[in-house]
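Close look at the chain arrangement
Chain by chain, the residues:
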Amino acid sequence: MVKALHRAGLEVILDVVFNHNPRKAINRGPTLCFRGLDNPTYYILEPDRSRYANYSGTGNTLNANHPVVRRMILDSLRYWLDVMHVDGFRFDLASILDRDEWGTVMPNPPVLWDIESDPVLAGTKLIAEAWDAAGLYQVGSFVGDSWKEWNGRFRDDVRSFFRGEEGMVDRFVDRLIGSPSLYGHKQREPEASVNFVTCHDGSR
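Anyway, here's the lowdown on the structure attached to this text. Please read these numbers as outputs of a predicted model, since none were measured by experiment. (Residues numbered from 1 in each chain as written. Predicted model: local features only at pLDDT ≥ 70, side-chain atom pairs only at ≥ 80, totals over all residues. Heavy atoms only, no water.)

1. Focus: the pattern of salt bridges
Within the structure shown, the criterion is met by 16 salt bridges. Between D15 and R90 there is a salt bridge, and its shortest N-O distance comes to 2.7 Å. With a gap of 75 residues between them, D15 in strand β1 (residues 13-16) and R90 in strand β2 (residues 88-91) connect regions that are remote in the sequence. By relative accessible area, D15 is classed as partly exposed at 37%. Counted as one network, the salt bridges with shared partners bring together D15, R90, D92 and E129. (Salt bridge = Lys/Arg side-chain N within 4 Å of Asp/Glu carboxyl O. Helix = DSSP H or I, 4+ residues; strand = E, 2+ residues; numbered from the N terminus. Buried < 20%, exposed > 50% of the residue type's maximum accessible area, 1.4 Å probe, protein only.)

2. A word on the environment of R155
As for its position among the elements, R155 is in helix α5 (residues 152-162). By relative accessible area, which is 7% here, R155 ends up buried. Each C-alpha atom of the pair R155 and V194 lies 9.9 Å from the other, and the pair is 39 residues apart in sequence.

Okay, here's the thing in structure tokens:
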């Protein structure tokens, strides 16, 4: 499929979800995915270590900065690039990748720098949904030099403007000229913004 799309002049960006597992109530029910391998290695747990932390909105959060989990993430990305020939990745709730095993936000998360500096992934498109379900919002400030960011503010403000909501002209103009309110600083430039109006989940 990917080769056929390439022949048609289309790139393929794979949506990857390294923030949670498919089961919501992971505290109960059958063992799925990494729970049976090494629970505290693969998941961020609450301080009492008996329950899963919930930064993803799904009841469990992957412990992405543990060395074992980092290796799994890198191996997966390399496989999809080498074997499936995708052109890049869009990381769902990518701000979770900034968190350590206690859920604390790290200034320089190893997993993000691993991805950015990996020679196999060089030149690959890296797009972050730069927020998580616990309120961490990093559009305009996501860690790394090669990462692009889903601009959720662009989506919200453009949709609000076209719905005719009051007080949206200035915000709409800011989005059209490259969101300088978000990217008008030395650490990030407008080229990092991925502007979109709607997406797979129809979110506002």
